[in-house]
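Listed below, chain by chain, are the residues.
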Amino acid sequence: MRENLKRLVYRSESLIDHDDVAALDAIFRTSLAHNKRDRITGALALPDGKFVQVIEGLEAHLDALMIRIRADRRHEKLAVLGEWAVTARLFPGWAMARPDPTPLSQQAFNIVTEDGSGVQVTQVLLGMTQGPKETWF
């Protein structure tokens, strides 16, 4: 039986102070638990007051997740950068990778925070999760 996998990339403006570690950690821990339950994989980065996320999983699970994400009042100006059917996961071992965007080059930072397409953002976040273990949580 073949799964209908989908990958989705979005960016939004955080309404949480970037120094509010407890609030940001709560988002990560809740997302991690829900994603494990729903077999969703991906990566979430928090550069420059933005949420940038790649998520992948069964189409029905991603659709339900996006309803919850769109309703979340901790961010605004959500923009889907890309959404497409896939045959394999890029983040198979990550219910939610959380890479540190600090080491990004200026070009990669701009791709993730301002200009990038879904594919470009996915490649940057994928590269960040494949780097040294110190670059993710």
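Now for a quick tour of the structure. In this text, all values refer to a predicted model and were calculated from it rather than measured experimentally. (Residues numbered from 1 in each chain as written. Predicted model: local features only at pLDDT ≥ 70, side-chain atom pairs only at ≥ 80, totals over all residues. Heavy atoms only, no water.)

### Some points on the side chain of His-75
For step 1, the next point in the chain: By secondary structure assignment, the location of His-75 is in strand β4 (residues 75–86).
For step 2, the next point in the chain: A polar contact of 2.6 Å, which involves the side chain of His-75, links it to the side chain of Ser-12.
For step 3, the next point in the chain: A polar atom in the side chain of His-75 sits 2.7 Å from the backbone oxygen of Ile-69.
For step 4, the next point in the chain: Once you skip the residues sitting within four places of it in the chain, His-75 turns out to touch Tyr-10, Ser-12, Glu-13, Ser-14, Leu-15, Phe-51 and Ile-69. (Helix = DSSP H or I, 4+ residues; strand = E, 2+ residues; numbered from the N terminus. Polar contact = N/O pair within 3.5 Å; in protein donor to acceptor, adjacent residues only side chain to side chain. Contact = heavy atoms within 4.5 Å.)

### Some points on the sheet that holds strand β3 (residues 50–58)
For step 1, the next point in the chain: Read from one edge of the open sheet, four strands run β2-β3-β1-β4, paired in antiparallel fashion. Edge positions in the sheet fall to β2 (41–45) and β4, since each has one partner strand and no second. This sheet shows a mean twist of 10° between the axes of neighbouring strands, independent of strand direction.
For step 2, the next point in the chain: Across nine bridges, the pairing between strand β1 (residues 5–14) and β4 is antiparallel. Each bridged residue has a counterpart across the sheet, and for Ser-14 the counterpart in β4 is His-75.
For step 3, the next point in the chain: On the sheet, helix α2 (residues 59–71) packs against β1, β3 and β4 and is oriented at approximately 155° with respect to β3.
For step 4, the next point in the chain: Along the sheet, helix α4 (residues 118–129) contacts β1, β2, β3 and β4; its crossing angle with β4, the most-contacted strand, is approximately 90°. (Pairing = 2+ DSSP bridges. Axes fitted to C-alpha atoms, helices over the stretch in contact; angles between N-to-C directions.)

### Comments concerning the pattern of salt bridges
Any two side chains of opposite charge can pair, on the condition that their charged atoms come close.
For step 1, the next point in the chain: The tally for this structure, following the rule as stated, stands at ten salt bridges.
For step 2, the next point in the chain: Between Arg-98 and Asp-25 there is a salt bridge whose closest N-O contact spans 3.3 Å. On the criterion of sequence distance, the pair formed by Arg-98 in the loop between β4 and α3 (106–115) and Asp-25 in helix α1 (residues 21–38) is long-range, its members being 73 residues apart.
For step 3, the next point in the chain: Judged by relative accessible area, which is 14%, Arg-98 ranks as buried. (Salt bridge = Lys/Arg side-chain N within 4 Å of Asp/Glu carboxyl O. Buried < 20%, exposed > 50% of the residue type's maximum accessible area, 1.4 Å probe, protein only.)

### Things to note about the layout of surface pockets
A probe matching the size of a water molecule, rolled over the atoms, marks out where space remains unfilled.
For step 1, the next point in the chain: Its boundaries defined by the atoms lining it, the largest pocket holds a volume of some 350 Å³.
For step 2, the next point in the chain: Along the wall of the largest pocket there are 17 residues; nearest its centre are Ile-27, Ser-31, Ile-69, Asp-72 and Arg-74.
For step 3, the next point in the chain: Elements that contribute at least two residues to the lining of the largest pocket include exactly α1, β3 and α2.
For step 4, the next point in the chain: At six residues, α1 tops the list of elements feeding residues into the lining of the largest pocket.
For step 5, the next point in the chain: For the lining of the largest pocket, a count of residues per class yields eight nonpolar, six polar and three charged.
For step 6, the next point in the chain: Taken as a whole, the second largest pocket encloses approximately 220 Å³ of empty space.
For step 7, the next point in the chain: Considering the residues around the second largest pocket, the lining is formed by 15 residues, among which Leu-24, Ala-45, Leu-46, Arg-98 and Pro-101 are closest to the centre.
For step 8, the next point in the chain: Elements with a minimum of two residues in the lining of the second largest pocket: β2 and β3.
For step 9, the next point in the chain: Across the lining of the second largest pocket, the residue classes tally to nine nonpolar, three polar and three charged. (1 Å grid on protein atoms, 1.4 Å probe; cavity = no way out; pocket = protein on both sides within 12 Å on 5 of 7 lines; lining within 4 Å. Points joined across faces, edges and corners; volume = space filled by probe spheres on them. Nonpolar A, V, L, I, M, F, W, Y, C, P; charged D, E, K, R; others polar.)

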